[in-house]
Amino acid sequence: MNQEPLRFLLRGARLVDPANGRDGMFDVLVDGARIARVGRDLPADGARIVEMPSGLVVCPGLIDMHVHLREPGQEHKETVATGTAAAVAGGFTAVACMPNTSPVNDNAGVTRYILERATEANLARVYPIGAVSRGQKGEELADVAELRESGCVAVSDDGRPVATALLMRRVLEYTSMFDMPVIEHCEEQTLKGDGVAHEGFHASALGLRGIPGEAESIMALRDIALAELTRGRLHIAHMSARQTLDAVRYGKARGVRVTCEVTPHHFVLTDAMLGAPLPYDTNVKMNPPLREEADRDAMLAGIADGSVDVIATDHAPHHADEKHVEFDRAPFGITGLETAVALCFDRLVHAGVVSLARLVELLSVNPARVLNVPGGSLAEGAPADISILAPDMAVTIAAASMRSLSKNTPFDGWTLRGGVAATIVGGRAVYVNEGTGLKL
Amino acid sequence: MKKDLLSIDDLTRDEIYLILDTTEAMREIGQRPIKKVPTLRGKTIVNLFYEPSTRTRTSFEIAEKRLSADTLNIAVATSSVQKGETLADTALNIEAMAPDMIVMRHASSGAGHLLSRICRSRIINAGDGMHEHPTQALLDAFTIREHKQRIEGLKVTIVGDLLHSRVLRSNVKLLTKLGAEVWVSGPPTLVPPGIERFGVRVSPRVDEAVAGADVIMMLRIQQERMHGAFIPSLREYFHTFGMTRARVALARPDVIIMHPGPMNRGVEIASDVADGPYSVILEQVANGVSVRMAVLYLLAGGVDVD
């Protein structure tokens, strides 16, 4: 693995770059931190030639627009360094991190701190997301312009919804002057109550308090109406309920500026996991909860028909001790960075739900567009943020060997088809899976 | 039998009948002048109660003592739980003292499953959150069988706060497993979503639900349910769902009325019904000891105590 930027020519791989209409055998010449040329049978021109083992795919760097890096304040769960190490091992060249740290990222000081830690780690790019409200308390607006100037790419009160319709109206109006998205954790709090699982047969059978899908869709409908009123940009985080997907389709049909994301666990798992194979496994406790089959199937349909814009992981690391408690006392959330690519290949591409090009849109092109950040394209002159994927690699997920500081995944031991061969950020190979035979 | 009794799901039909048959034998011990047998001598049983419970804890304790087990009660107020110890750590500490069985009552659904994954001791669930209370359902089944000589084909109507009730869940699983026709009735705010998938009939019309019933089982309504807007008032609840003599008259003439306790007279059940001729509420309590003796005995390995 070479950490220094240099000139190299990726040769002999399939390039999937939907932003530039490319899908085929193209060579990519990287010069320093940028893409120098893309074309067929490019001359080496003094660059080191990297012959690609067969079966690999080169695509614009994947961007996970919804992660929790936990720093500052909860470094026992994750740090910027361990979180970005997990990101690059998972094929992501960039992540956007939520502001529910301690203290909350509601001011330039915290934003700069996160960015400094990211620079020190020097792995994936980190795009902080600032808080909508000071302290995420849902009362006053945070200093949004200052957050933006210091490096935040969006605002969100993630972990909870923007507290009132009035505050949501104001933040959509205010951010419209920067064309910055407001990312919303849709959850009507009184309907959620003290629920811990999707309301339905499985929660009923296990005696767990339920959260109906409508807790999500009601808030989505409120926010879509406000986005229409204000012409602001709304992005709906971790959509889980079929009713919410209908709400998004309604909004899009009306021309509202609304986008949405789905996590791999919401298009792979259902609430049947609450009871089996391991009853009350706290690694299937997340918010929004795993929903029923009809919801899971709706998410797949939305991904297939284009209603879903982005796949994001909601990577939510928690220490093992915090999860080793009674189900209703455990924190919500699972890790996602190091399982996403395998789940996407196995359950979306190989299952025939989407093409590889569409997957690249969901994981790279569209998150870059929503956040308005560089990336999502391997055009000449673009940053050399490249993911090299191995669609047919057999992957067995092993929580213990993950780079994330936390191991709270329900996918431990799963065998899936599709993995990551290498991750290149700004022309530097920050992760290489030697098992693929790739030498960078 | 499986290692633990966490849920009625852990029992096959045959095992349920084995427990009920063994209960007959255990009851006989309770009728002797010296109500004690040496069956579990040298066995240590920890009663770990995270929730206040008079009836269930006492019942288990008497059952354990009649079988000559060494018993130890840990109640939440006197334990290190107050110092912030996790259930997992408490379990490890108790496990280090090598008890043979742990009987646990806990406010969280699934707490027994967590304990079971940590402990080699056999775990008996004495009520976990809103999930299950398997020995209650077993003692209810024993009581029903004693009066009706069978369970299969009976119409059993369960009325009350279905949503928050672990007794409901265990009873529904057990009774449907044994072939009873189970009806449940309560305000729609207190019906668990998807409950019909258990194979029960759901009706908010209590009169319809009790019509022709062989067994009426009442569940407790907690005072604080008015806070979540589940019910407007206890007065209205009694008017709409309370078991009165008029409603009992809709059931079969030989209906029996059951209640797991503690009961709220004048809320879910009229006093004259609770104390009336069809009431078997105190028999349930008496049978509780015998059923728990049977469960302890069988879980310990029957005759061949391992």
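Above this text is the structure in question.
Here the structure is a predicted model, which means the values were calculated and not measured. Along each chain, residue indices are assigned from 1 in the same order as the chain's sequence is written. Chains and ligands are labelled by the order in which they are written, letters from A for the one and numbers from 1 for the other. For this predicted model, a pLDDT threshold of at least 70 governs which residues receive local features, and a threshold of 80 or more governs which side-chain atom pairs are given and counted, while totals over whole chains, interfaces and linings are taken from all residues. Hydrogens and waters are ignored; side-chain quantities use all the structure's heavy atoms.

A. Summary view of the overall build of chain B. Helix and strand counts for chain B stand at eleven helices and nine strands. Taken over the C-alpha trace, chain B has a radius of gyration of 19 Å; the compact-globule value for 306 residues is 19 Å, and the two agree within 12%. Seen through its C-alpha atoms, chain B measures out along the principal axes to roughly 55 × 45 × 35 Å. Relative accessible area decides the class of each residue, using a 1.4 Å probe on protein chains only: under 20% of the type maximum gives buried, over 50% gives exposed, and in between gives partly exposed. Counting across all 306 residues of chain B, residues that qualify as buried make up 59%. The contact criterion used is simple: two residues touch if any of their non-hydrogen atoms lie within 4.5 Å. Restricting to contacts in chain B with at least 6 residues of sequence separation, those with at least 24 account for 74%. Note on areas: Shrake-Rupley, 1.4 Å probe, and residue coverage restricted to the protein chains presented here. As displayed, chain B offers around 12,300 Å² of accessible surface, 53% of which is attributable to carbon and sulfur atoms. Taking the average location of the 37 positive side-chain charges in chain B and that of its 36 negative ones, the two points are 2 Å from each other. Helix numbers and strand numbers start at the N terminus; a helix is a DSSP run of H or I with at least 4 residues, a strand a run of E with at least 2. The atom set for the radius of gyration is the C-alpha atoms, and the globule formula is 2.2 Å times the number of residues raised to the power 0.38. For the purpose of charge, His is not counted, nor are the chain termini; Lys and Arg are scored as positive and Asp and Glu as negative. By convention, the point assigned to a charge is CZ for Arg, NZ for Lys, CD for Glu and CG for Asp.

B. Focus on the packing of helix α2 (residues 55–66) of chain B against helix α11 (residues 281–299) of chain B. Residue and element names in this part refer to chain B. The convention used is that axes are lines fitted to C-alpha atoms, helices contributing only their stretch in contact, and that angles between N-to-C directions extend from 0 to 180 degrees. Between α2 and α11, the least distance of the axes is 8 Å, while the angle of their chain directions is 55°. Between α2 and α11, the crossing angle belongs to the class labelled oblique. Crossing of α2 over α11 shows right-handed handedness. Contact residues: R55, T56, S59, F60, I62, A63, E64 and R66 in α2; V285, G288, V289, R292, M293 and L296 in α11. In the contact of α2 with α11, the residues fall into seven nonpolar, three polar and four charged. Angular relationships are summarised with four words: roughly parallel below 35 degrees, roughly antiparallel beyond 145, roughly perpendicular across 65 to 115, and oblique for the angles in between. Left-handed describes a crossing whose near helix is turned anticlockwise from the far helix through less than a right angle; right-handed describes the clockwise counterpart. Each residue gets one label: Ala, Val, Leu, Ile, Met, Phe, Trp, Tyr, Cys and Pro are nonpolar, Asp, Glu, Lys and Arg are charged, and the others, such as Gly, are polar.

C. Expanded view of the pairing of strand β2 (residues 70–75) of chain B. Residue and element names in this part refer to chain B. A pair of strands is treated as paired once DSSP finds two or more bridges between them. As paired strands, strand β1 (residues 44–49) and β2 are joined by six bridges and run parallel to one another. Its bridge partner lying in β2, N47 is registered against N73. In this fold, the crossover linking β1 to β2 by way of α2 has right-handed handedness. Assignment of crossover handedness uses the view with strands pointing away from the viewer, where a clockwise path from the first strand over the helix to the second indicates a right-handed crossover.

D. Seen up close, the packing of aromatic side chains. For this analysis, a ring pair means two rings from Phe, Tyr or Trp (six-membered ring only for Trp) whose centres lie within 6.5 Å, classed as stacked if their planes differ by under 30 degrees, edge-to-face if by over 60, and tilted for the remaining angles. What the rule picks out here adds up to five aromatic pairs over all chains. With centroids separated by 6.2 Å and ring planes inclined at 80°, the aromatic side chains of Y174(A) and F178(A) adopt a geometry described as edge-to-face. The exposure class assigned to Y174(A) is partly exposed, which follows from its relative accessible area of 35%. When the centroid spacing of 5.2 Å and the interplanar angle of 50° are considered together, the rings of F201(A) and F198(B) count as tilted. Within this pair, whereas F201(A) is found in helix α6 (residues 201–206), its partner F198(B) is found in the loop between β6 (181–185) and β7 (201–202), the two belonging to separate chains. Among the residues examined, F198(B) registers a relative accessible area of 18% and is labelled buried.

E. Examining the nonpolar core more closely. To define a nonpolar core, start from buried Ala, Val, Leu, Ile, Met, Phe, Trp, Tyr and Cys residues and group those joined through side-chain atoms within 4.5 Å. In terms of nonpolar packing, the biggest core is built from 99 residues, with L208(A), I236(A), F267(A), L348(A) and L359(A) touching the most fellow members. Among the elements that line this core, the one with the most residues is helix α12 (residues 340–349) of chain A, at eight residues. Those residues within four positions of L348(A) in sequence are excluded, and the remaining contacts are F267(A), L300(A), I303(A), I311(A), L343(A), V353(A), V354(A) and L359(A). Listed in part, the 62 residues of the second largest apolar core include F201(A), F142(B), V280(B) and L296(B).

F. Representation of the interface of chain B and chain A. Listed by partner, the interface residues are 23 residues for chain B and 20 residues for chain A. Between chain B and chain A, a total of about 1,700 Å² is buried, with carbon and sulfur atoms accounting for 60% of that surface. Here a polar contact is recorded for every N or O atom pair within 3.5 Å, except that within protein the pair must consist of a potential hydrogen donor and a potential acceptor, and residues adjacent in sequence are included only if both atoms are side-chain atoms. Summed over the shared surface of chain B and chain A, the number is seven residue pairs in polar contact (both at pLDDT 80 or more). If you list the elements that add at least two residues to the side of chain B that touches chain A, you get α3 (87–96), α4 (111–118) and α6 (166–177) of chain B. Of all the elements, α4(B) adds the most residues to the side of chain B that touches chain A, at five residues. Along the lines of polarity and charge, the residues of the side of chain B that touches chain A split into ten nonpolar, eight polar and five charged. Put simply, buried area is the surface a 1.4 Å probe can reach on two separate parts but cannot reach once they are joined, added for both.

G. Just the packing of α3(B) against α4(B), in detail. Residues and elements named next belong to chain B. Look at α3 against α4: their axes get within 10 Å of each other, and the N-to-C directions meet at 45°. Judged by the inter-axis angle, α3 sits oblique to α4. Here α3 runs over α4; the crossing is right-handed. When α3 is examined against α4, the residues L87, A88, A91 and L92 are found in contact with a partner set consisting of A111, L114, L115 and I118.

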